Amino acid sequence: MAIMEVFSLDAVRVNLAYLDQLKKLFVDRLHLNFNVGKKAVNWHDVEEKNIPMIARSFLKLCRHNYLIPHLFNIEALQMYIEQTLPAITNGEQEFYDKNMLIQAYNDDNNPDSPIGGPLVNETTGEQMEPALHFHEFIFLLGLIAKKSITSTDGLISSQLEEFYVNKLAFKPIKQSKERRAAGLTLNHVPQNAHNVRLMIP
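Residues numbered from 1 in each chain as written. Predicted model: local features only at pLDDT ≥ 70, side-chain atom pairs only at ≥ 80, totals over all residues. Heavy atoms only, no water.

What follows deals with the overall build of the protein. Helix and strand counts for the protein stand at twelve helices and two strands. Beginning at the N terminus, the succession of helices and strands in the protein can be written as α-α-α-α-α-β-α-α-α-α-β-α-α-α. Taking the contacts inside the protein whose residues are at least 6 apart along the sequence as the reference set, 72% of them involve residues at least 24 apart. (Helix = DSSP H or I, 4+ residues; strand = E, 2+ residues; numbered from the N terminus. Contact = heavy atoms within 4.5 Å.)

Okay, structure coming up:
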């Protein structure tokens, strides 16, 4: 049920309204930028090179915005990430089986410290760490909002607004009646948004 709501047209409309701020958040928290403390890559680079956000970068985002431990715990985050990015390689399966995200959280005393590149298997060189492309990043944020935010009306649109504005410090955006009526056509959704690899409970 939660997954269907995250994919709903109401959710899409909110995400489109906040799309520029979502892009900025994604780019700012990429390890390629985060590690050097400046913008080494921009949104054009993300689109051109299909650059993803590694799981530990998303963990840093959650810690920086005090989502962990105030909104949910590290065990819940690992579950949300695995639901969004179920393992498709042996390395990714090992990442989840060995609770490497939880280990990274326990070992990290500074949420603003560099994290290096993706975790790889020392023997094979295979990347083990799951990584979110932008459409998967948006889905994961929606899943967290649905699971963690309580709204008076219980609507995913209200939960997303609350999450973006009050938890991620986005600037509130008022959607005009004309814009809502137009539906902001799905052509504005990032490419491949339907290809999120989900673990359906």
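Right, let's talk about the packing of aromatic side chains for a bit. Taken as a whole and assessed by the stated rule, the structure comprises 13 aromatic pairs. Aromatic pair Phe26 and Phe134: ring centres 5.4 Å apart, planes at 80°, arrangement edge-to-face. Residue Phe26 is found in helix α3 (residues 19–29), and its partner Phe134 is found in helix α10 (residues 134–148); the two are separated by 108 residues along the sequence. Residues Phe26 and Phe134 agree in their burial class; the two are buried. Ring plane angle 80° and centroid distance 6.0 Å describe the contact between Phe58 and Phe137, whose orientation is recorded as edge-to-face. Residue Phe58 is located in helix α6 (residues 55–64), and its partner Phe137 is located in helix α10; the two are separated by 79 residues in the primary sequence. Summarising the burial analysis for this pair, Phe58 and Phe137 share the class buried. Members of the aromatic cluster, connected to one another through ring pairs, are Phe26, Trp43, Phe58, Phe134 and Phe137. (Phe/Tyr/Trp six-rings, centres within 6.5 Å; stacked < 30°, edge-to-face > 60°. Buried < 20%, exposed > 50% of the residue type's maximum accessible area, 1.4 Å probe, protein only.)

Take the pattern of salt bridges next. Summed over the entire model, instances satisfying the criterion amount to seven salt bridges. Residues Lys146 and Glu5 are paired through a salt bridge, measuring 3.0 Å at the closest nitrogen-oxygen approach. Taken as a pair, Lys146 in helix α10 and Glu5 in helix α1 (residues 2–6) lie far apart in primary sequence, 141 residues in all. For Lys146, a relative accessible area of 17% gives the class buried. Among the residues examined, Glu5 registers a relative accessible area of 18% and is labelled buried. With a shortest N-O distance of 3.3 Å, Asp108 and Arg63 are connected by a salt bridge. Of this pair, Asp108 sits in the loop between α9 (100–107) and β2 (131–132) while Arg63 sits in helix α6; the two residues are 45 residues apart in sequence, bridging distant segments of the chain. Across the pair, exposure class does not vary: Asp108 and Arg63 are buried alike. (Salt bridge = Lys/Arg side-chain N within 4 Å of Asp/Glu carboxyl O.)

All right, on to the nonpolar core then. Formed by 56 residues in total, the largest nonpolar core has its most connected members in Phe58, Phe72, Leu77, Phe137, Phe163, Tyr164 and Leu168. When neighbours within four sequence positions are excluded, Leu77 is seen to be in contact with Phe58, Leu59, Cys62, Ile68, Phe72, Leu101 and Ile144. (Core = buried A, V, L, I, M, F, W, Y, C linked by side-chain atoms within 4.5 Å.)

What follows is about α6. Judged by how many residues are buried, α6 sits mostly within the fold: nine of ten residues are covered. Considered for burial, the residues of α6 that qualify are Ala55, Arg56, Ser57, Phe58, Leu59, Lys60, Leu61, Cys62 and Arg63. Tyr66 lies just past α6 and shows a positive phi near 60°.

Let us look at the confidence of the model for the protein. Parts of the model with low pLDDT should not have their predicted coordinates read in detail. For the protein, mean pLDDT is 88; residues scoring 70 or higher make up 86% of the total. Long-range and interchain partners of residues 176–195, a stretch whose pLDDT sits below 50, account for 25 contacts in this model, where long-range means more than four residues apart. (pLDDT = per-residue confidence, 0-100.)

Moving on, we get to the environment of Val14. Mapping Val14 onto the fold places it in helix α2 (residues 9–17). The buried category is assigned to Val14, whose relative accessible area is 3%. C-alpha of Val14 to C-alpha of Ile156: the two residues are 142 residues apart in sequence and 9.2 Å apart in space.

On to the environment of Leu61. Among the structural elements, Leu61 can be located in helix α6. Residue classification places Leu61 among the buried residues on the basis of a relative accessible area of 0%. With 35 residues separating them along the chain, Leu61 and Phe26 place their C-alpha atoms 9.3 Å apart. Dropping the residues within four chain positions of it, Leu61 is found in contact with Leu25, Arg29, Leu67, Phe137 and Leu168.

Okay, the side chain of Glu136 next. Mapped onto the elements, Glu136 comes out in helix α10. Of the polar contacts made by the side chain of Glu136, one reaches the backbone nitrogen of His133; its length is 2.8 Å. (Polar contact = N/O pair within 3.5 Å; in protein donor to acceptor, adjacent residues only side chain to side chain.)

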